Amino acid sequence: MDAVEDIKSRLSIEDVVSQYVELKRAGRNFKGLSPFSNERTPSFMVSPEKQIWHDFSSGRGGNMFSFVMEMEGLDFKGALEILARKAGIDLDQYRSSRTGSRGKEKERLYAALELAAKFYQANFAKNRVALEYVFTKRKFTKQTALEWRLGYSPNNGTALVTFLQKQGFTEKEIKGAGLSAQRYRGLGDMFRGRLMVPLADPQGRIIGFTARLLADDPNAPKYINTPQTLVYDKSRHVFGLHLAKEAIRKSKYVVVAEGNLDVISSHQAEVRQVVATAGTALTEQHLKALSRFVGDIRLSFDADSAGVRATERAIPIASKVGVSLSVINIPSGKDPDELIRQDAAKWQTIIEKPQYALDWLIDRYKTQLDITSAQGKRQFSDVILQVVRGLADQVEKEHYIARIAELIGVSRDALLTKLHHSNEQPKLKLKKTPSKPPDKLALEMIKTENHLLALALMQPKLREYTSALKSQMLAEEQAGTLLAFLQANPDFQGKPQEAAPLRPLADYVKMLSLLFEELYQDLEIQELRYEAARLQDHVIDQYVKLQKQRIARELQHTTDDARTAQLLEAVKKLTNLLKRS
């Protein structure tokens, strides 16, 4: 038995899901409020018999692994590790000896870091300077200090190292966790005389610390972080995500602040969809981690030169990852913490009105440069074209090239020439593949095709209502695979899991059968026919709408007569498809 099957044999899906969603028995199944939307009527179903979940409000579904991946923003490996711990399974027994030893080493580092956090918390409670800084100056509450596990590192040189050695940790393990440094007198504490802010992974395990200087020492850095270790990588770590992910999912956006204490202040003010990175260095890994939860990412960096440069770097990365990046404008140059302490309600209002990042950047440079002068036009186009060059979407590129040309009063061709020569890359070409549909349209497409395929799968008499469809019309690959199977096997009436081509789709097929049982099982065949016909027409309508949007965008920019004729012919075929449906 492999690790996945072993975990499934020890855990039930209802027990896993109930740790995130309050479930109530509904016949053979369980029902609860969707964790992915703010619904008031429960539409989230869990089937103990099929070991499958399905969220009718969003169209999502799958097994216990896909659920943990959705809730925790993890890849499959991360979900596997969480569920293995819940099941009491040691994944090392399924790994090679080398991989297994690395896993044990990581667990030792986690254990050392957890003990260090408790050690710092205990010392915090006894240090007057740290207590005054947290409770008087920063105005944090006791509950906030406990929630974020704030601590204090003693200033005697070896307090933590000595403590951990007494707990059985070696010098190599302490150093490997980033908790010690080699001093001239030997191994000493990495952090001394500082407020300790623990850094946690998305599951809440301590992976490192940010340490804030409390004494007035102009020669010492205000903040220092845990160095790169086996468990901590600042280019990947998102501070506060373990406490923010539920609010991010519900609000459908995330705010990225510059400082850890900004995040803590915001959470204390009950605005919890806020996280931070290490300074302003927003990386592709950071954005990918956040994109697992939401596609709307809002930056709240300082409006200084460092913040502007960070935004410049982040825009092309966001375009590559496929997320929407915007900027929050804080009045009077305040940082979030300062604004929150003055007026928490205003902070909530401001983050609800962000400005798209590239538009914000253009506005910033418009005020800093004289774009009526030749020098100003050159400087403005130098900066903005550098960012535009990194955009992944060609339509967006075209839009901003046209806007820059209009702003500085030059021709579009002049900007394209500059873009070409400065980058030494081929001229802009429009993508000929369909653009990714908006989230709302994609969601509606997935829900519609799932409902139709559930009917066709469970009722062979309804398969005729898939005859006008093709696999490429469907939003998800597994839906296209199932459609092709049903069209090739219209009389198939056995159990879906018995068909070899459907074995890779086992969880998807179970989800569709659950959907059928909940919505359609008790309806008469004539009612089902009406519903199947309606759904087929809706799938075609959505497909045609998406394709026409793509063609319209390309027609706006193409100057090739032959290509224009091809696109117009494609529109005619799409219109005929609608007439036949």
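The preceding data block contains the structure.
For the structure given in this document, a descriptive report is provided here. (Residues numbered from 1 in each chain as written. Predicted model: local features only at pLDDT ≥ 70, side-chain atom pairs only at ≥ 80, totals over all residues. Heavy atoms only, no water.)

1. Considering the pattern of salt bridges
Defined as follows: Salt bridges are defined as contacts in which a side-chain nitrogen from Lys or Arg sits within 4 Å of a carboxyl oxygen from Asp or Glu. A run of H or I in DSSP counts as a helix once it spans at least four residues, and a run of E counts as a strand once it spans at least two, with each numbered from the N terminus.
Applying the stated criterion across every chain, the model contains 27 salt bridges. The shortest N-O distance in the salt bridge between Glu147 and Arg272 comes to 2.6 Å. Of the two residues, Glu147 sits in helix α7 (residues 142-147) while Arg272 sits in the loop between α11 (260-268) and β13 (274-276), which places them 125 residues apart along the sequence. Among the charged side chains, a network of salt bridges with common partners joins Arg28, Glu49, Lys50 and Glu517.

2. Quick word on the environment of Leu455
Condition: Only protein chains enter the accessibility calculation, which uses a 1.4 Å probe; a residue whose area is less than 20% of its type maximum is buried, one above 50% is exposed, and one in between is partly exposed. Every residue pair with non-hydrogen atoms within 4.5 Å of one another is taken to be in contact.
One can find Leu455 in helix α20 (residues 439-458). For Leu455, a relative accessible area of 0% gives the class buried. Along the chain, Leu455 and Tyr520 lie 65 residues apart, while their C-alpha atoms are 7.8 Å from each other. Leaving out residues up to four positions away in the same chain, Leu455 has contacts with Leu462, Phe516, Tyr520, Leu528, Glu531, Ala532 and Leu535.

3. Quick notes on helix α3 (residues 64-72)
Rules: Summarising the geometry, the arc corresponds to the directions from the helix axis toward the C-beta atoms.
Inspection of α3 places Met64, Phe65, Phe67, Val68, Met71 and Glu72 among the buried residues, and these make up the whole buried set. The arc that holds the buried residues of α3, viewed along the axis, is 160 degrees, so those residues lie on one side. Of the residues trailing α3, Gly73 is marked for its positive phi of about 65 degrees.

4. Some remarks on the sheet that holds strand β2 (residues 29-32)
Definition in use: Should DSSP find at least two bridges between two strands, the strands are taken to pair. Helix axes are fitted to C-alpha atoms over the stretch in contact, other axes to C-alpha atoms as well, and angles between N-to-C directions run from 0 to 180 degrees.
Strand order in this open sheet of five strands is β1-β2-β3-β4-β5, and the pairing throughout is antiparallel. Whereas interior strands pair on both sides, the edge strands pair on one side only; in this sheet they are β1 (24-26) and β5 (60-62). This sheet shows a mean twist of 20 degrees between the axes of neighbouring strands, independent of strand direction. Pairing of strand β3 (residues 44-47) with strand β4 (residues 52-55) involves four bridges; the strand directions are antiparallel. Bridge pairing in β4 places Phe44 opposite Asp55.

5. Looking at unusual backbone geometry
When glycine is set aside, most residues are seen to have a negative phi, and most peptide bonds are trans. Despite not being glycine, Lys252 has its phi angle at roughly 70 degrees, a positive value. Structurally, Lys252 can be placed in the loop between α10 (241-251) and β12 (254-257).

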